Amino acid sequence: MLICSIYRSARKDEMYLYVDKRDGLKPVPEALMERFGKAVHVMDMPMTPGRTLARVDAEKVLEAIRDKGFFLQMPPPKEDYLLDLYRERPETGVR
């Protein structure tokens, strides 16, 4: 079991960093932190291999933290229908 700290990006919606609570954000490369923006602490939680998470496999999180010191959860891909919502809108934005 690992006590995991979870941070959300203030810059990018639905982007999260998982780290070992003891190490905090120290293992995260500076270049990644620049792109991630301000890290806002969301919560601390015990992480075990069988734990159910909403969008990611807990075993992958634990493995990444063990190997790299952090796990980056990217935002889910946008649905195609949302990307095409305004495809036929005129340049002026008025219909």
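Here we summarise the structure given alongside this text. In this text the structure is predicted, and so the values were computed from the model without any measurement.

**Topic: helix α2 (residues 58-68)**
In step 1: Residues of α2 that are buried include every one of Ala58, Val61, Leu62, Ala64 and Ile65, and no others. What you see down the axis of α2 is that its buried residues fit within an arc of 165°, all on one side. Opposite the buried face of α2, by more than 90 degrees, sit the exposed residues Lys60, Arg66 and Asp67.
In step 2: The inward-facing, buried residues of α2 abut β1 (2-9), β2 (16-20), β3 (39-47) and β4 (70-73).
In step 3: Glycine 69 sits one or two residues past α2 and shows a positive phi near 95°.

**What about the nonpolar core?**
In step 1: Among the nonpolar cores identified, the biggest contains 14 residues, and Tyr18, Met47, Leu53, Val61, Ile65 and Phe71 are the most heavily contacted of them.
In step 2: Going through the elements one at a time, β1, β3 and α2 are the ones with two or more residues in this core.
In step 3: For this core, the element with the most residues is α2, which contributes five residues.
In step 4: For valine 61, the residues in contact, after removing those within four places along its chain, are Tyr18, Met47, Leu53, Val56 and Phe71.

Quick notes on the rules
Residues numbered from 1 in each chain as written. Predicted model: local features only at pLDDT ≥ 70, side-chain atom pairs only at ≥ 80, totals over all residues. Heavy atoms only, no water. Buried < 20%, exposed > 50% of the residue type's maximum accessible area, 1.4 Å probe, protein only. Helix = DSSP H or I, 4+ residues; strand = E, 2+ residues; numbered from the N terminus. Arc of directions from axis to C-beta. Contact = heavy atoms within 4.5 Å. Core = buried A, V, L, I, M, F, W, Y, C linked by side-chain atoms within 4.5 Å.

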